[in-house]
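Per-entry structural report
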There are 4 protein chains.
Amino acid sequence: MNQIIVICHSGYGHTKAVAEKVAEGANARLIAIDANGDIAADEWEALDAADAIVLGTPTYMGDASWQFKKFADASSKAWFEGRWADKVFGGFTNSASPSGDKQVTLIALQTLASQHGGIWVSLGLPPSNTKAATPADVNHLGGSVGLITRSPADASVEEVSPGDLVTALRYGERIASVTARLKG
Amino acid sequence: MNQIIVICHSGYGHTKAVAEKVAEGANARLIAIDANGDIAADEWEALDAADAIVLGTPTYMGDASWQFKKFADASSKAWFEGRWADKVFGGFTNSASPSGDKQVTLIALQTLASQHGGIWVSLGLPPSNTKAATPADVNHLGGSVGLITRSPADASVEEVSPGDLVTALRYGERIASVTARLKG
Amino acid sequence: MNQIIVICHSGYGHTKAVAEKVAEGANARLIAIDANGDIAADEWEALDAADAIVLGTPTYMGDASWQFKKFADASSKAWFEGRWADKVFGGFTNSASPSGDKQVTLIALQTLASQHGGIWVSLGLPPSNTKAATPADVNHLGGSVGLITRSPADASVEEVSPGDLVTALRYGERIASVTARLKG
Amino acid sequence: MNQIIVICHSGYGHTKAVAEKVAEGANARLIAIDANGDIAADEWEALDAADAIVLGTPTYMGDASWQFKKFADASSKAWFEGRWADKVFGGFTNSASPSGDKQVTLIALQTLASQHGGIWVSLGLPPSNTKAATPADVNHLGGSVGLITRSPADASVEEVSPGDLVTALRYGERIASVTARLKG
């Protein structure tokens, strides 16, 4: 049984709702970065021991939240010792607009994974992009690098779209599947 | 009166429909990159003489079309002589999904403009990203770096969303306004 | 006389050394983001009043430092009211390697500027990239989107390369020049 | 024995010299994209049958060459049928400057791999970034997402730096190793 960790920051709960679905799909432990950008010592140990790490953050002002970045900067200790090398990585981000520069955040997450010497798992789900497509469809935003989800500026946590949640579940399953093949 | 050029490649006509609106807003000349990635000699001269250049391309497989890139590569002659330095630049791209990795194309367009020593004009329109927002709204995709538009995979050229076309018009107007201030 | 602000975070002083040269070239006020990611209330007011804002940060783990990002996230208040719209922007970043994923940071800075509706000034200096080029040359790293500088992992603040410092000075001058043309 | 393909375009031979080292390290077949952006029908079949695909291109004007992009656009047929899903991917790019916006090309390569539903292998080699580092060192440019190499504007094909060539060899070996674990 592989150890998979979903680690995320969530400002208002929407990203957390997505993270829970990714974790469900991957059968993963979910670690929350707190409002000050910190996690506990035993959570750092769990990350060191993990086979796969899935990175999640809202997109604020066109990039990962500062709390997520504080975690990323603190991971430089693990980087220095190569403790996360060859791990499987994936990533996801949520914002209020369909695009909203979420891609820049995904690029930053993928780069962080690469700095650690990781192996990145793409979304692997075709887009639902015909005229008939709705937010209830899988990958209706047309992501590929990782998971992108959307919660309108006035949407409650309960209103994250069902299509986004299913996409999150499937991405979690995919990461678990790739990890099982890579890590045995 | 400033000289502004909108130069674009369009595979199936959707990007061209957007380009025409940008050109209308900017009171610009529209140059079409042909199916072989070429433009005419006098069109190169017009680009050299322009105050502002707006770059447009569909997003195919996560980046600008090869025809657009052939134009970009050929602009290395102008680059070598610094002929496009200090010009005003903007950019736009269209694809079938709301996201669809269009941001990667915008990054490439912005980088091309920077290689030429250009000055980049962002979209400058707030996103329409509440629950009530529809494709008829201005900037309903939530772009910021440049103009992003969407035409579903089965949409005809006539079906480019009215919100996207208005956004294109406004971006053209904005580029003209910035150019007038910069170039006098 | 235009008001230009260079705002930066610096972890160990190298980025600050670069920032001082940019500020010298632009005849700008330098605001330092502190170790907790904060700036003072009057500094926010100065940013609101500025004609141009130049963003600086080290690149840590492939993106801007968390302290810089905390500042960026806090700028969402200015964003919400459109207070920084149409300002001139530029950006710079420093890290220990020639590349070191600094480009990802520049993309993030440029995206932040675009979210605010800004106008971005590229570096505008040709690369020094022949066999004879040394770190004493202007733009020896071959940047274009903004200013990239390098201080080896064991270099002191005094050892930032002279070529990088001259490049910083020239970029500051260029930003002042574009601002003067745009803002009158 | 896994089937690995290195596919690249090379304008003047420098990227090809790097590609040969990657192919040597990965024990891979090398396919050259021709000056018109084409490859042969049997080469497309070999790509469909491959376990891993390593993408290589020079960086021209801040992105992959148009010939490489023509290949990428033509891969939309394989994309449409999901023929390259779950393959292992890696990428490399060469330009005349240490930075030279090569990162934008790597982002484009990584995005292309993600569109195909691939699994991306980072460089996985620590940077040589102290004051004593020279172009003879492994990863002296400080890449992480993929392989970045540099050949000065006036360097012959024989003058690609020994450090870059060793880095290329190691990256090829790493891709082969990850492929063996994933594909069995």
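Residues numbered from 1 in each chain as written. Chains lettered and ligands numbered in written order. Predicted model: local features only at pLDDT ≥ 70, side-chain atom pairs only at ≥ 80, totals over all residues. Heavy atoms only, no water.

1. Describing the overall build of chain A
Summing up its helical and strand segments, chain A has 6 helices and 7 strands in all. Taken from the N to the C terminus, the helices and strands of chain A come in the order β-α-β-α-β-β-α-α-β-α-β-β-α. In summary, chain A has a C-alpha radius of gyration of 15 Å against a globular reference of 16 Å for 184 residues, a match within 12%. Viewed in the frame of its principal axes, chain A has a C-alpha envelope of about 50 × 35 × 25 Å. Buried residues in chain A amount to 65% of all 184 residues. A separation of at least 24 residues holds for 77% of the contacts in chain A among residues at least 6 apart in sequence. With the model as given, the accessible surface of chain A reaches about 6,000 Å², and the carbon-plus-sulfur share is 53%. (Helix = DSSP H or I, 4+ residues; strand = E, 2+ residues; numbered from the N terminus. Rg over C-alpha atoms; globule rule 2.2 N^0.38 Å. Buried < 20%, exposed > 50% of the residue type's maximum accessible area, 1.4 Å probe, protein only. Contact = heavy atoms within 4.5 Å. Areas by Shrake-Rupley, 256 points an atom, 1.4 Å probe, with all protein chains shown as cover.)

2. Overview of the pairing of strand 2 (residues 29-32) of chain A
Residue and element names in this part refer to chain A. Across 4 bridges, the pairing between strand 1 (residues 4-8) and strand 2 is parallel. Bridge pairing in strand 2 links Ile7 to Ile31. Between strand 1 and its parallel partner strand 2, the chain crosses via helix 1 (residues 14-26), and the hand of that crossover is right-handed. (Pairing = 2+ DSSP bridges. Right-handed = clockwise from strand over helix to strand, strands pointing away.)

3. A look at the pairing of strand 1 (residues 4-8) of chain C
Along a regular strand, successive side chains alternate from one face of the sheet to the other. All names here are of chain C. Taken across its 5 residues, strand 1 has 5 buried, putting it largely inside the fold. By the alternation rule, side chains of strand 1 split into Ile4, Val6 and Cys8 and Ile5 and Ile7, which are all buried. Where strand 1 meets strand 3 (residues 52-60), 5 bridges bridge the pair, whose relative direction is parallel. Bridge pairing in strand 3 places Ile7 opposite Leu55.

4. Concerning the side chain of Asp101 of chain D
Relative to the elements of secondary structure, Asp101 of chain D occurs in the loop between strand 5 (88-95) and helix 5 (102-115). Engagement of the side chain of Asp101 of chain D in a polar contact is seen with the side chain of Gln115 of chain B, the distance being 2.7 Å. Setting aside residues up to four positions removed in sequence, Asp101 of chain D forms contacts with Thr111 and Gln115 of chain B, Gln103, Gly142, Ser144 and Val145 of chain C together with Thr59 and Gly62 of chain D. (Polar contact = N/O pair within 3.5 Å; in protein donor to acceptor, adjacent residues only side chain to side chain.)

5. Topic: the nonpolar core
Residues Ile7 of chain A together with Ile7 of chain D are the most contacted members of the largest nonpolar core, which totals 105 residues. The contact partners of Ile7 of chain A, leaving out residues within four places of it in the chain, are Ile31, Ile33, Ile39, Leu47, Ile53, Val54, Leu55, Gly56 and Phe71 of chain A. Grouped together as the second largest cluster of nonpolar side chains are 103 residues, Ile5, Val22, Ile53 and Leu109 of chain C included. (Core = buried A, V, L, I, M, F, W, Y, C linked by side-chain atoms within 4.5 Å.)

6. Structural notes on the interface of chain B and chain A
Contact residues are listed per partner, giving 25 residues for chain B and 25 residues for chain A. Between chain B and chain A, a total of about 1,900 Å² is buried, with carbon and sulfur atoms accounting for 46% of that surface. When the buried surface of chain B facing chain A is broken down by residue, Gln103, Asn129 and Lys131 of chain B rank first, second and third, together holding 29% of it. Our enumeration of links across chain B and chain A arrives at 2 salt bridges. A salt bridge links Glu159 of chain B to Lys131 of chain A; its shortest N-O distance comes to 2.9 Å. Connecting chain B to chain A are 16 residue pairs in polar contact (both at pLDDT 80 or more). Elements with a minimum of two residues in the side of chain B that touches chain A: helix 5 (102-115) and strand 7 (147-150) of chain B. Each residue belonging to the side of chain B that touches chain A can be placed in one class, and the counts come to 11 nonpolar, 9 polar and 5 charged. (Buried area = accessible area lost by both parts, 1.4 Å probe. Salt bridge = Lys/Arg side-chain N within 4 Å of Asp/Glu carboxyl O. Nonpolar A, V, L, I, M, F, W, Y, C, P; charged D, E, K, R; others polar.)

7. Concerning the relation of the copies chain B and chain A
For the pair chain B and chain A, the superposition axis carries a translation of 0.0 Å, the fit reaches an RMSD of 0.0 Å, and the rotation angle comes to 180°. When the rotation and shift are considered jointly, the pair of chain copies conforms to a two-fold rotation axis. Judged by C-alpha distance, Ser99 of chain B is the residue of chain B that lies nearest the rotation axis, at 2.6 Å. In this assembly the copies share their binding face: 100% of the residues contributing to the interface of chain B also contribute to that of chain A. (Least-squares fit on C-alpha atoms with pLDDT ≥ 70 in both.)

8. As for the interface of chain C and chain A
Often, the extent of an interface is quoted as the loss of accessible area on bringing the components together. Taken together, the contact between chain C and chain A spans 23 residues of the former and 23 residues of the latter. Both sides together, the interface formed by chain C and chain A hides about 1,900 Å², and carbon and sulfur atoms give 65% of it. Where chain C packs against chain A, one counts 0 salt bridges. Linking chain C to chain A there are 10 residue pairs in polar contact (both at pLDDT 80 or more). Elements with a contribution of two residues or more to the side of chain C that touches chain A: strand 4 (63-64), helix 3 (66-74), helix 4 (76-80) and helix 5 (102-115) of chain C. By residue number, the principal contributor to the side of chain C that touches chain A is helix 5 of chain C, which donates 6 residues. Residues of the side of chain C that touches chain A, tallied by class, amount to 10 nonpolar, 8 polar and 5 charged.

9. With respect to the packing of helix 5 (residues 102-115) of chain A against helix 5 of chain C
Taken N-terminus to C-terminus, the directions of helix 5 of chain A and helix 5 of chain C make an angle of 160°; their axes are 10 Å apart at the nearest point. In terms of axis orientation, helix 5 of chain A runs roughly antiparallel to helix 5 of chain C. Seen from above, helix 5 of chain A lies across helix 5 of chain C with left-handed handedness. On helix 5 of chain C, the residues that touch Val104, Ile107, Ala108 and Thr111 of chain A of helix 5 of chain A are Val104, Ile107, Ala108 and Thr111 of chain C. (Axes fitted to C-alpha atoms, helices over the stretch in contact; angles between N-to-C directions. Parallel < 35°, antiparallel > 145°, perpendicular 65-115°, else oblique. Left-handed = near helix turned anticlockwise from the far one by under 90°.)

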